Structure formats: C-alpha cells, structure tokens
Amino acid sequence: MTRRSLLLSAPFLAPAVTLRSGLRIGVTDWNLRLTTKLEAIDLAARIGFSALEVSCGRKPVDGKLPLDNRELIAQYRKTAAARSLTLASTCLDILHIDGLKFSPQAPRWVSDSIRITRELGARVILLPFFGDRQLKLQSERERVGDILRELAPEAERAQVTLGLENTNSAEENAFLLERSRSNAVKVFYDTGNSAGQGYDVYREIEWLGKDRICQVHLKDNPHFLGDGKIDFTNVLRCLAKIGYRGFANLETSSPSGSVESDMRRNLEFLKQL
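In short, a report on the structure.

Reading the values: rules and limits
- Once a new chain begins, its residue numbering starts again from 1 and follows that chain's sequence as written.
- It should be noted that, the model being predicted, local features are given only for residues of pLDDT at least 70 and side-chain atom pairs only at 80 or more, the latter also being counted only at that level, while totals for whole chains, interfaces and linings use all residues.
- Processing note: side-chain calculations cover all non-hydrogen atoms of the structure and skip hydrogens and water entirely.
- Secondary structure elements follow DSSP: runs of H or I no shorter than four residues count as helices, runs of E no shorter than two count as strands, and numbering proceeds from the N terminus.
- We take the radius of gyration over the C-alpha atoms and set the globule estimate at 2.2 Å times the residue count to the 0.38 power.
- With a 1.4 Å probe rolled over the protein chains alone, any residue whose accessible area is under 20% of its type maximum counts as buried; one over 50% counts as exposed, and the rest are partly exposed.
- The contact criterion used throughout is that any non-hydrogen atoms of two residues lie within 4.5 Å.
- Cysteine sulfur atoms are paired as a disulfide whenever they fall within 2.5 Å.
- Helix axes are fitted only over the stretch in contact, all axes being lines through C-alpha atoms; the angle between N-to-C directions runs from 0 to 180 degrees.
- Angle categories are assigned with fixed cut-offs, so that under 35 degrees is roughly parallel, over 145 is roughly antiparallel, 65 to 115 is roughly perpendicular, and the rest are oblique.
- Note on convention: the crossing is left-handed when the near helix lies turned anticlockwise from the far helix by less than a right angle, right-handed when the turn is clockwise.
- Asp, Glu, Lys and Arg are counted as charged, while Ala, Val, Leu, Ile, Met, Phe, Trp, Tyr, Cys and Pro are counted as nonpolar; the rest, among them Gly, fall into the polar class.

## Comments concerning the overall build of the protein
Logical step 1: When helices and strands are tallied, the protein shows 10 helices and 8 strands.
Logical step 2: Over its C-alpha trace the protein gives a radius of gyration of 18 Å, about what one expects of a compact globule, namely 19 Å for 273 residues.
Logical step 3: Taken along its principal axes, the extent of the C-alpha atoms in the protein is 60 × 45 × 30 Å.
Logical step 4: Residues classed as buried in the protein amount to 57% of the 273 residues present.
Logical step 5: In the protein, the share of contacts with a sequence separation of at least 24, taken over all contacts with a separation of at least 6, comes to 77%.

## A word on unusual backbone geometry
Logical step 1: Here Asn221 and Pro222 are connected by a cis peptide whose omega angle stands at 10°.
Logical step 2: Of note in this structure, Arg33 is not a glycine but carries a positive phi near 60°.
Logical step 3: Even without being glycine, Thr36 reaches a positive phi, approximately 55°.
Logical step 4: You can see Thr36 is positioned in the loop between β1 (24-28) and α2 (39-47).

## Structural notes on the state of the cysteines
Logical step 1: For the coordinates displayed, the defined rule picks out 0 disulfides.
Logical step 2: With no disulfide partner, Cys91 has as its closest neighbouring cysteine sulfur the one in Cys56, 7.2 Å distant.
Logical step 3: Cysteine Cys238 remains unbridged, with the sulfur of Cys214 as its closest cysteine sulfur at 18 Å.
Logical step 4: Given a relative accessible area of 2%, Cys238 falls into the buried group.

## Some points on the packing of helix α4 (residues 106-120) against helix α5 (residues 138-158)
Logical step 1: With their axes 10 Å apart at the nearest point, α4 and α5 run at an angle of 15° to one another. One finds that α4 runs roughly parallel with respect to α5. Seen along the crossing, α4 lies across α5 with a hand that is right-handed. The residues of α5 that touch α4, namely those facing Pro107, Val110, Ser111, Ile114 and Arg118, are Ile147, Leu151, Glu154, Ala155 and Ala158.
Logical step 2: The residue makeup of the contact of α4 with α5, split by class, is 7 nonpolar, 1 polar and 2 charged.

Below you can see the structure in the form of structure tokens.
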C-alpha cells in the first residue's frame, strides 16, 4: 500500500493538527458537504483536523432548528469524543434566511442556538450577515448592535460567545461590539471575506487584536490555500503576534471536486508553513 492510498483509506485517522503557533485547525461541516450530519466528524478526524464547526441547519423541523434535538446533540458529543475531536463552534445558518437586521424570528433563533451550543459543549456561535442581510448602512449596524445588546446577557450566562461574520471593516465591527456592550459579542474573522472586500487582512487582524476575535475562518476561495492572493504565512504571523491561540477553521472550497483530498492538501499546506 502506498502512502497516498493509506492516507485516503477510510479507517485511517490522521493525527489532529495543532500548529506551533498554538492554533488548532478545524473545518466547517458545510465545506465537507456534510451540513448537520454526524458523518462530518468521522471525515474531519480522518483527514486530521482538530475540530469541527457544526451547522444548526436552515430548515426548521417542527418549528425548531434541526440541531435542536437532545438525542442528536448527545450523539455529536459521543462521536466527537470517540474521535478525539473538539466541537469548536456552531453556525446559525438560518440567519442566511431570517436576517438579524429585519426578521422578527431571528432573535429567537439566536436564543435557541445559545442553548444548543452550550449543550453541544462548544463556546462560539457564528452569526452570518451576507447577501441582503449585510449591514451596509450605519442605521442597520445600530439596530443590530441594539439587538445583540438584548441577547448578550443570555450568552454571558451560558458562557457562549456570539461571533459576527460579515463583509464589514474592522472598524465597523468594532462599532457593533461596542454597541452591544458585552464581551460575549466578538468578531468571527474570515480572511476570504475581508480580502474580497479589499481590506488589508494583516492590518485588520492586528487592529482587532485577540480580545475582539473569537474564532477564525481561513480561506482564499476558489483557490487552494497559497495559490491565491492571501499570504497565509503572514496571516499566521499576525495571529501569533496578537497572541491568538484559538481555533482557525478551514472554510475552503474544493477546486478538484474531491473534498477529502483538497481539504488534506490545504491542511498539509498550513502544517508546512
């Protein structure tokens, strides 16, 4: 058996990766094409990731988020423990539909996700703001900041952080954090989103600092890491400089069409930096 065939064999579990910088490298279940599926844990562990970011699901089941099921949550925890893999965070992906800036249902979803995330054993919830749900206007940022201020005490009690992922600048995100008046609201920093808006990724990471960043997405889609415009050596250097020691999750696409081999290539790239 060749080394490549061994790496690709189903039973093989690669050693989980923690970079010398202290970063623990995870992956999103949706980029594994296993959104809200337990199988994502096995695949992530087999490739060698240290953590998994789990979707809460976009289509409610009996009026609840798909992940809002105690039996399913127990299965996630048991399977992750058996694979020595951490459930790093959840993604409240229903906000892609019920945007927090205008949907009366959205605050309830956030509240439910706080409880779900706590029960899952994770500590960060990704709150997305994209498409028509972007926070382009100052009035929108003020409104969402006020909503976050109302939700923050519940997150504080659960010891869960609400992580904002968006297309806003570091300064605009800092305004949202200040408006919320809570340390339970932070930035879920995404290299690809920021670079796509023309922001200086390296300056933003250092400007925000470790106290404003709760978790990180690494991507430069549609490219493999290192093949696009983002200098990931510099990204890791900046994260190390500010003392960030949390999870950095791959949200990378699969240029070749093979999720497992492409994810492994990106993971190996980070290990070699």
